[in-house]
Amino acid sequence: AGKPHEGLLGKTVLESCDDPALSRAFLENDRRVLEEGQTIVVEEMAPNGRRYLATKTPYRDSQGEVRGLLGVAHDITARKAAEDTLRRLNRTLKAQSNSSHALLRASSESEYLAEVCRLIVEDCGHALIWIGFAEQDEVRSVRIVAHAGFEESYLQTLQLTWADSERGRGPTGTAIRTGQVAACRNMQSDPQFAPWRAEALRRGYRSSLALPLLADGKAFGALTLYSQAADAFSEAEIELLRELANDLAFGIQTLRLRASHAEAEEALRQSEALYRAIGESIDYGVWVC
């Protein structure tokens, strides 16, 4: 009685908890029951990361005075994980749909790339999104052409390449070089991410995913996503993001083809205007056969 931390979830649970916020949450819920004398149903997270749906009800003596509480907790960790996965997939589907609509509105490639990055950040909630193109220079560098999200000059520190070298074996360089999806599931421990680890961790990034942008089976760039959670990308989400990257690559090629046609039409217009000007400025006949 009077010691709510000794309820069903256990004194040992809170004694082993090194997170003051979790301890306070447990104790505050118990205190509410003891002080208000009302049953509550709450979701709580244990120090080991498991989630519980807890029903806490006051325990009264024969005079009706509250002397303690009784708690019954159901483990809902698997259910919450499934709900989180479904929510992330729905957000990714939304980003995919909105990115397709962005292509219809875009007046230029740069505008389209910036809008896609912005939409993925807003719809999917990832920390940082950026797009890089593979340069055909001597060092095979990666040129960053668009980004959105929390960045704080991080991209300026990357010095990326898609060559098979130390700065080319991260997710982005690997995705471009191999044409396959590449990931860093935990930046703190992945040895391939060592060149960028300190700057990434300083900004709170914990995992990343790079998806190749393909044309005729060859990667010409990559779409890279950063998350503040380790191992943040499920297989189902990766598959949807792969489709989004394929749509993005198609959109880039469409805009380039559109720009090429516009340039050809302008060249033809100028050529016709030149011939017309020549014909109108001389006083003898000109025939073109």
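Coordinates for the structure precede this section.
A quick note: this is a predicted structure, and the numbers were derived from the prediction, not measured. The residue numbers shown here count from 1 along each chain, following its written sequence. In keeping with the predicted nature of the model, local features appear solely for residues at pLDDT of at least 70, side-chain atom pairs appear and are counted solely at 80 or more, and the whole-chain, interface and lining totals rest on all residues. Hydrogen atoms and water are omitted, and side-chain values are computed over all heavy atoms in the structure.

A look at helix α5 (residues 171–178)
We count it as follows: Think of it in three bands: residues with accessible area under 20% of the maximum for their type are buried, residues over 50% are exposed, and the middle band is partly exposed, with areas taken using a 1.4 Å probe on protein chains only. Working definition: helices are DSSP H or I runs of at least four residues, strands are E runs of at least two. Numbering for both runs from the N terminus. By definition, residues are in contact when any of their heavy atoms lie within 4.5 Å.
Of all eight residues in α5, six are buried, a share of seventy percent or more. The set of residues buried in α5 consists of P171, T172, G173, T174, A175 and I176. Check the buried side of α5 and you find it contacts β4 (128–134), β5 (142–149), β6 (182–184), β7 (207–215) and β8 (218–227). G179 sits one or two positions beyond α5 and adopts a positive phi of about 75 degrees.

Brief notes about the sheet that holds strand β3 (residues 66–75)
Quick reminder of the rule: Only when DSSP finds a minimum of two bridges between them are two strands counted as paired. Helix axes are fitted only over the stretch in contact, all axes being lines through C-alpha atoms; the angle between N-to-C directions runs from 0 to 180 degrees.
Spatially, three strands are ordered β1-β2-β3 in an open sheet, and the strand pairing comes out antiparallel. In this open sheet, the two strands that pair with only one neighbour each are β1 (40–45) and β3. Put simply, the sheet's adjacent strands are angled 30 degrees from each other on average, direction ignored. In this sheet, β3 lies alongside strand β2 (residues 51–60) in antiparallel orientation, the contact comprising nine bridges. Among the inter-strand pairings, L53 is bridged to a residue of β3, identified as H74.

Some thoughts on the side chain of S207
Which entries qualify depends on this criterion: Whenever two N or O atoms come within 3.5 Å, that pair is a polar contact, provided that in protein one can donate a hydrogen and the other can accept it, and provided that, for residues adjacent in sequence, both atoms are side-chain atoms.
Mapped onto the elements of the fold, S207 is located in strand β7. At a separation of 2.6 Å, a polar atom in the side chain of S207 contacts the main-chain carbonyl oxygen of A229. Beyond its immediate stretch of four places on either side in the chain, S207 contacts C184, R185, M187, L225, Y226, S227, A229, A230, D231, A232 and F233.

Some words on the layout of surface pockets
Filter applied, for reference: Detection works on a 1 Å grid of protein atoms alone, calling trapped sets that fit a 1.4 Å probe cavities and calling open sets with protein on both sides within 12 Å along at least five of seven lines pockets, with lining residues defined by an atom within 4 Å of a point. Grid points are joined across faces, edges and corners, and a volume is the space filled by probe spheres set on the points. Polar here means any residue outside two lists: the nonpolar Ala, Val, Leu, Ile, Met, Phe, Trp, Tyr, Cys and Pro, and the charged Asp, Glu, Lys and Arg; Gly therefore counts as polar.
Space inside the largest pocket adds up to approximately 170 Å³. Forming the boundary of the largest pocket are D84, T85, R88, S227, A229, A230, D231, A232, F233 and S234. With three residues, helix α3 (residues 77–105) is the largest single contributor of residues to the lining of the largest pocket. Its residues placed into classes, the lining of the largest pocket shows four nonpolar, three polar and three charged.

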